[in-house]
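# Understanding the architecture of this molecule
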Amino acid sequence: GKYVVLLYGVPGMLLMMSYLNLFSVLILLVIKKILVIIESLANFTRTCLKRLRGRPCGRGKRLSSFSISVVLAVTSLLMLIAYLVLMSMILASSSPNDNFLKALYFYVITMTTVGLGDIAVIDHQWYGVSIKVLIVFCIGLALVTTVFGAMRGLAEANRKRVVKATKLLAEKAKAQKNKIAGKLRHDAHDQGYNET
């Protein structure tokens, strides 16, 4: 029995990880496209308003990669929270023994794969309920993965921002050092002429 579990468990885990990665990448891609459309509409509106007022129209500002990463992280987190609340409300309203907080706890524990086992689905229609919970779990786990992917993207964008700022500071410090060294050489050269 153990070997059979290993035989189908390992490929199953690999397939699930690839599914989650693919689904989260697709969700982030859709959110990014929506963000680009909103940004384009905002720039178009600004341009039209400037033309109506008789002002010169320039290109609209583009969002930085860090700003896009922040929007993606916040949006994916809000999507996950909305999904958890909605599914918890549905579960609480469909079962007379459950309340909203118990259902929310169940979904959070299940979707984060902690699975403490303190709450189990007990129903005379266990098979149907299990299928519903499995579908909700798969979608919710993909959303959890999306949040983690967005947070990883945010950390990467922040790292790039810090590296860029560090390079800029290093260039300014080098320029300042060269300026001071040049001034000291100039002063030393002037003092050498003055002493003779």
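Residues numbered from 1 in each chain as written. Predicted model: local features only at pLDDT ≥ 70, side-chain atom pairs only at ≥ 80, totals over all residues. Heavy atoms only, no water.

### Describing the overall build of the chain
To keep it simple, the criterion reads: Where helices and strands are cited, they refer to DSSP runs of H or I of at least four residues and of E of at least two residues respectively, numbered from the N terminus. Classification of residues uses two cut-offs on accessible area relative to the type maximum, computed with a 1.4 Å probe and protein chains only: under 20% is buried, over 50% is exposed, and between them is partly exposed. Two residues qualify as a contact provided that any one of their heavy atoms is within 4.5 Å of a heavy atom in the partner residue. Computed by Shrake-Rupley with a 1.4 Å probe, the accessible areas treat only the displayed protein chains as cover when residues are assessed.
Summing up its helical and strand segments, the chain has four helices and zero strands in all. The helix and strand sequence of the chain, counted from the amino end, reads α-α-α-α. Across the 196 residues in the chain, those meeting the buried criterion constitute 22%. Considering only residue pairs separated by 6 or more positions, the chain has 65% of its internal contacts joining residues 24 or more positions apart. Of the roughly 14,900 Å² of accessible surface on the chain, a fraction of 69% belongs to carbon and sulfur atoms.

### Examining the layout of surface pockets
To be explicit about the condition: Of the grid points, spaced at 1 Å and generated over the protein atoms alone, those admitting a 1.4 Å probe that cannot get out make up cavities, while open sets with protein on both sides within 12 Å along at least five of seven lines make up pockets; any residue with an atom within 4 Å of a point is treated as lining. Grid points are joined across faces, edges and corners, and a volume is the space filled by probe spheres set on the points. Under the grouping applied here, Gly and all other residues not named as nonpolar or charged are polar, the nonpolar ones being Ala, Val, Leu, Ile, Met, Phe, Trp, Tyr, Cys and Pro and the charged ones Asp, Glu, Lys and Arg.
Looking at the second largest pocket, its volume works out to about 360 Å³. Counting only elements with at least two residues in the lining of the second largest pocket, the list comes to α1 (2-52), α2 (65-94) and α4 (126-195). Here the lining of the second largest pocket gets 10 residues from one element, more than from any other, and that element is α4. Classifying every residue of the lining of the second largest pocket by side-chain character gives nine nonpolar, seven polar and four charged.

### As for the pattern of salt bridges
Note the cut-off: Every case where a carboxyl oxygen of Asp or Glu lies within 4 Å of a side-chain nitrogen of Lys or Arg is listed as a salt bridge.
On inspection of all chains with the given rule, the structure shows one salt bridge. Residue Arg-159 is joined to Glu-156 by a salt bridge in which the shortest nitrogen-to-oxygen separation is 2.7 Å. Linking Arg-159 with Glu-156, this pair stays in helix α4, spanning three residues, or about one helical turn. For Arg-159, a relative accessible area of 44% corresponds to the partly exposed category.

### Re a nonpolar patch on the surface
So the rule is basically this: To count toward a patch, a residue needs a relative accessible area over 30% and no salt bridge; like charges are then connected within 9 Å, while nonpolar side chains (Val, Leu, Ile, Met, Phe, Trp, Tyr) are connected within 5 Å.
A grouping of Tyr-3, Leu-6, Val-10, Met-13, Leu-14 and Met-17 is seen on the molecular surface, where their side chains present a nonpolar patch of about 700 Å² in accessible area. Looking at the secondary structure, you find Leu-14 in helix α1. Using a relative accessible area of 53% as the deciding quantity, one classes Leu-14 as exposed.

### Some thoughts on the packing of aromatic side chains
Test applied: Note on aromatic pairs: the rings of Phe, Tyr and Trp (six-membered ring only in Trp) are paired at centre separations within 6.5 Å, and the planes decide the class, stacked below 30 degrees, edge-to-face beyond 60, tilted for the rest.
Taken as a whole, this structure holds one aromatic pair when the rule is applied. Ring centres of Phe-106 and Tyr-107 lie 5.3 Å apart, and the angle between their planes is 55°; this geometry places the pair in the tilted category. The pair Phe-106 / Tyr-107 is uniform in exposure class, with both members buried.

### What to know about the nonpolar core
The test is simple: Definition used in this section: a nonpolar core is a set of buried Ala, Val, Leu, Ile, Met, Phe, Trp, Tyr and Cys residues joined via side-chain atoms within 4.5 Å.
Core analysis: the biggest nonpolar cluster contains 24 residues, and Leu-80, Tyr-83, Tyr-107, Met-111 and Val-136 have the highest contact counts within it. With sequence-adjacent residues up to four places away left out, Leu-80 is seen in contact with Gly-140, Leu-143, Val-144 and Val-147.

### Notes on the packing of α2 against helix α3 (residues 100-111)
Each pair of packed helices can be described by the angle between their axes along with the distance between the axes. Heads up, the rule is: The convention used is that axes are lines fitted to C-alpha atoms, helices contributing only their stretch in contact, and that angles between N-to-C directions extend from 0 to 180 degrees. Any angle that is under 35 degrees is reported as roughly parallel, and any over 145 degrees as roughly antiparallel; angles of 65 to 115 degrees are reported as roughly perpendicular and all others as oblique. It is the rotation of the near helix from the far one that decides the hand of a crossing: anticlockwise by less than a right angle makes it left-handed, clockwise makes it right-handed.
As a packed pair, α2 and α3 sit with axes 8 Å apart at the nearest point and diverge in direction by 130°. Between α2 and α3, the interaxial angle falls into the category oblique. Our pair here, α2 against α3, has a crossing hand that is right-handed. Contacts from Tyr-83, Leu-84, Val-85, Met-87, Ser-88, Met-89, Leu-91 and Ala-92 of α2 reach α3 at Phe-100, Ala-103, Leu-104, Phe-106, Tyr-107, Val-108 and Met-111. Residue composition of the contact of α2 with α3, by class: 14 nonpolar, one polar and no charged.

### Quick word on the environment of Phe-100
Here Phe-100 shows up in helix α3. In this structure the C-alpha to C-alpha distance between Phe-100 and Met-87, which are 13 residues apart in sequence, comes to 9.6 Å. When residues no more than four places from it in sequence are discounted, the contact partners of Phe-100 are Val-85, Ser-88, Met-89 and Ala-92.

### Examining the side chain of Ser-88
Within the secondary structure, Ser-88 sits in helix α2. Setting aside anything within four residues of it in sequence, one finds Ser-88 in contact with Phe-100, Ala-103, Leu-104 and Tyr-107.

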